[in-house]
Amino acid sequence: MSFTELRQHDRDRWHALAGQAVEKPETRHFIDGDWVDSLGGERFETINPATGEVIASVSAGMEKDVDRAVAAAKSAFRAGSWAKMAPRQRMKVLYRFAELVEANAAELAVLESVDMGKPIADAITTDLPLVCETIRFMAECIDKVDGAVTNTASDVLHMVLREPLGVVGAITPWNFPMLMAAWKFAPALAAGNSVVLKPAEQSPLTSPRLAQLFVEAGGPPGVFNVVQGVGEVTGKALALHMDVAKISFTGSTEVGKLMLQYAGQSNMKRVGLECGGKSPQLFLSDLPNMAAAVKAAYGGVFRNMGEVCTAGSRLLVERPIYDEFIERFTAESQRAYIPGDPLDPATTMGPLVTHADQQRVLGMIETGKSEGARLVFGGNTPDALANGAYVNPTLFADVDNRMTIARQEIFGPVAGVIPFDSVDEALSIANDTIYGLAASLWTKDLDKAFKLVRGIEAGVIWVNTYEEADFTQPFGGYKQSGNTRDKCMDSYRSYTQTKSAWMRLSE
Ligand code: NAD
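Let me begin by describing the structure that accompanies this report. (Residues numbered from 1 in each chain as written. Predicted model: local features only at pLDDT ≥ 70, side-chain atom pairs only at ≥ 80, totals over all residues. Heavy atoms only, no water.)

**What to know about the overall build of the protein chain**
Now for step 1: Each helix and strand counted, the protein chain has 17 helices and 19 strands in total.
Now for step 2: For the protein chain, whose C-alpha radius of gyration is 23 Å, the value lies close to the compact-globule estimate of 23 Å for 507 residues.
Now for step 3: Summarising its shape, the C-alpha atoms of the protein chain cover approximately 75 × 60 × 45 Å along the three principal directions.
Now for step 4: Looking at the 507 residues of the protein chain, the share that counts as buried comes to 58%.
Now for step 5: Of the contacts formed within the protein chain by residues at least 6 apart in sequence, a portion of 75% connects residues at least 24 apart.
Now for step 6: Roughly 19,900 Å² of accessible area belongs to the protein chain as shown, and the carbon and sulfur atoms make up 51% of that amount.
Now for step 7: Taking the average place of the 49 positive charges on the side chains of the protein chain and the average place of its 62 negative ones, the gap between the two points comes to 5 Å. (Helix = DSSP H or I, 4+ residues; strand = E, 2+ residues; numbered from the N terminus. Rg over C-alpha atoms; globule rule 2.2 N^0.38 Å. Buried < 20%, exposed > 50% of the residue type's maximum accessible area, 1.4 Å probe, protein only. Contact = heavy atoms within 4.5 Å. Areas by Shrake-Rupley, 256 points an atom, 1.4 Å probe, with all protein chains shown as cover. Lys, Arg positive; Asp, Glu negative; His and termini not counted. Charge placed at Lys NZ, Arg CZ, Asp CG, Glu CD.)

**Some thoughts on the sheet that holds strand β19 (residues 496–504)**
Now for step 1: Read across the sheet, three strands follow the order β5-β6-β19 without closing on themselves; strand pairing throughout is antiparallel. Edge positions in the open sheet fall to β5 (148–149) and β19, since each of these has one partner strand only. (Pairing = 2+ DSSP bridges.)

**A look at the site of the ligand**
Now for step 1: Taken together, 30 residues form the shell around the ligand, and within it Thr172, Glu201, Ser252, Cys275 and Glu409 come nearest.
Now for step 2: Separating a nitrogen atom of the ligand from a side-chain N or O atom of tyrosine 262 is a distance of 3.0 Å.
Now for step 3: For the ligand, whose free accessible area comes to 840 Å², the fraction covered by protein is 92%.
Now for step 4: Assessed atom by atom at 2 Å from the grid points, the ligand resides in the largest pocket. (Near = heavy atom within 4 Å. Polar contact = N/O pair within 3.5 Å; in protein donor to acceptor, adjacent residues only side chain to side chain. 1 Å grid on protein atoms, 1.4 Å probe; cavity = no way out; pocket = protein on both sides within 12 Å on 5 of 7 lines; lining within 4 Å. Sits in = over half its atoms within 2 Å of the grid points.)

**Focus on the side chain of lysine 487**
Now for step 1: Tracing the backbone shows lysine 487 in the loop between β18 (460–463) and α17 (489–493).
Now for step 2: The side chain of lysine 487 sits in the buried core without any salt bridge; aspartate 470 is the nearest counter-charge, 7.4 Å away.
Now for step 3: Setting aside anything within four residues of it in sequence, one finds lysine 487 in contact with Phe137, Met138, Trp183, Ala469, Asp470, Phe471, Gln473 and Phe475. (Salt bridge = Lys/Arg side-chain N within 4 Å of Asp/Glu carboxyl O.)

**Description of the pairing of strand β11 (residues 270–274)**
Now for step 1: Burial runs high along β11: four of the five residues are buried.
Now for step 2: As paired elements, strand β10 (residues 246–250) and β11 share five bridges and run parallel to each other. Looking across to β11, one finds that serine 248 is bridged to glycine 272.
Now for step 3: In this fold, β10 hands off to helix α10 (residues 253–265), which returns the chain to β11; that crossover is right-handed. (Right-handed = clockwise from strand over helix to strand, strands pointing away.)

**Quick look at empty space enclosed by the protein**
Now for step 1: Throughout the structure, instances matching the rule amount to four cavities of 30 Å³ or more.
Now for step 2: Volume-wise, the largest cavity comes out at about 60 Å³.
Now for step 3: Lining the largest cavity we find Gly277, Gly306, Val308, Cys309, Ala311, Ser313, Glu409, Ile410, Phe411 and Gly412. (Points joined across faces, edges and corners; volume = space filled by probe spheres on them.)

**A few points about α10**
Side chains three or four residues apart in an α-helix point the same way, a direct result of the helix having 3.6 residues per turn.
Now for step 1: The end-to-end C-alpha separation of α10 is 19 Å, in line with the 18 Å expected for 13 residues at 1.5 Å each.
Now for step 2: When α10 is considered as a whole, its buried residues turn out to be Thr253, Gly256, Met259, Tyr262 and Ala263. Buried residues of α10, viewed axially, fall in a sector of 165°; they line one side. Facing away from the buried side of α10 by more than 90 degrees, the exposed set consists of Glu254, Gly264 and Gln265.
Now for step 3: As for α10, its buried residues are in contact with β7 (167–171), α9 (231–239), β10 and β11. (Expected span 1.5 Å × (residues − 1). Arc of directions from axis to C-beta.)

**Quick notes on the packing of helix α7 (residues 177–190) against helix α8 (residues 207–216)**
Now for step 1: Packing of α7 against α8 leaves a shortest axis separation of 10 Å and a crossing angle of 35°. Of the two elements, α7 crosses α8, and the hand of that crossing is right-handed. Along the contact surface, α7 presents Pro177, Met178, Ala181, Phe185 and Leu189, while α8 presents Ser207, Leu210 and Phe214.
Now for step 2: Class assignment of the residues belonging to the contact of α7 with α8 gives a composition of seven nonpolar, one polar and no charged. (Axes fitted to C-alpha atoms, helices over the stretch in contact; angles between N-to-C directions. Left-handed = near helix turned anticlockwise from the far one by under 90°. Nonpolar A, V, L, I, M, F, W, Y, C, P; charged D, E, K, R; others polar.)

**Remarks on the layout of surface pockets**
Empty pockets left among the atoms are what a rolling probe the size of a water molecule brings to light.
Now for step 1: In this structure, the largest pocket spans a volume of roughly 1,000 Å³.
Now for step 2: Trp174, Phe249, Gly251, Ser252 and Val255 are the residues nearest the centre of the largest pocket, which is lined by 37 residues in total.
Now for step 3: Elements supplying a minimum of two residues to the lining of the largest pocket: α9, β10, α10 and α13 (355–370).
Now for step 4: By residue number, the principal contributor to the lining of the largest pocket is α10, which donates six residues.
Now for step 5: Here the residues of the lining of the largest pocket sort into 17 nonpolar, eleven polar and nine charged.
Now for step 6: Summarising the domain contributions, the lining of the largest pocket has at least three residues from each of domain 1 (3–275 + 484–498) and domain 2 (280–470).
Now for step 7: Each pocket or cavity is described by its volume, and for the second largest pocket that value is around 470 Å³.
Now for step 8: Lining the second largest pocket are 23 residues, with Trp183, Glu468, Ala469, Phe475 and Lys487 sitting closest to its centre.
Now for step 9: Going through the elements one at a time, α6 (120–141), α7 and β18 are the ones with two or more residues in the lining of the second largest pocket. (Domains from an automatic or database assignment.)

Coordinates in, geometry out; function isn't part of it.
In structure tokens, the structure reads:
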């Protein structure tokens, strides 16, 4: 069934599909093309955050399970059945893989939704189509990204060969479980590597199904493996592994720093990091369209429950439009984002990923109040959804950039408005953060726009828009938001290494 057809399903249909999918979901590791339990039988529970009910108990990988997956990946890489497959053939397998993901989109979407609370409409219109596009784009890179023959003296031939790294370990977060995984496994596989993926323990159900679909598409067993488990055990064992050539990590800045330590403590593996953010959205008083700006502002911070690395949670608003902006944001965002059943296609906001996260976000809201920010709306939980991990969309005004809610990533539907009086002041507030993932600015004035585009320390900048994206373009952070770029051809290249080959020719 196509994505367009899936968009016609109503709430009852999605509930029926979810019922089937969670009846007996696959909960084991996927290693060497097979479903396997942990060697010691360890398990952990995954919970539906919309209801608080346990969905399933999932295999928890220990060090020996990680060893087993890495050994399978290494042996598949050495055998060369994937790494040395003809480029066209590898492309065919990946295209078929993308087709199978699309064909299984309904099941994958409901699993994602019950596992981490994602609105089903988002899974069908955003996450899954983008997973397929990412796989297809990276497949396209296979015969587009070449090595080189360089200019040398006539008796010497020099070639730059571009080769895969070996075993890539991917460690991913729970906010876009399949998409963040695809940003890693798609370029890594396309470049000929083997992959061991460890999904977040909050959202374990979809990633191993993707690995299974890769094998169904003709990918050799052992090339794409998934080991389930908690970060401090399974993720750590993978990042410390001596046979892993690269760790590709998306998650918090705090854990990203650990990845660098693990690399230093083990084999100096490459470390690609996509980490947290505290992105500013700047609204200058000469903005071209207040309605569009306000819509982008609340979409930029409340989408996916605010659990987005690029969430534009710092709203910097120039003083002449400050009151009007807050008034319109308050009225319009509360109509657009109403917490509800994530399996209802009309729902735009589901629960947070866990009840612990709900309490953490409510704690941040209390901190905001106690540090003197003015609560404009929200700050509480919806009464009608008491069993779920919901938090109502929340807006603070009169926020000072030194407050905790302006400095720490909240990862929930909480925005803070900070007033400013000049472009220079806005620039200095925007950059006063350890993060540098994304930013937006709204103005009609080209000079101001360019000054801010050049001045803001962030890897992605939007002018008079928000969340514009394409998988052909680089995505990643400045400062402590990360050290790599996903999505583009550079990402593909980052899963390869160059070999400089010199050949002296006979006279
Ligand atoms: P997290 O850092 O807690 O966990 C991420 C992954 O790391 C999980 O798989 C987890 O099990 C694992 N992990 C945790 N501790 C570990 C350890 N000691 N050793 C090895 N692995 C460990 O992050 P999260 O809560 O899952 O995700 C939210 C974070 O991800 C936010 O900070 C968000 O900004 C960030 N994120 C960034 C991007 C980006 O592209 N920059 C995209 C999505 C999410």
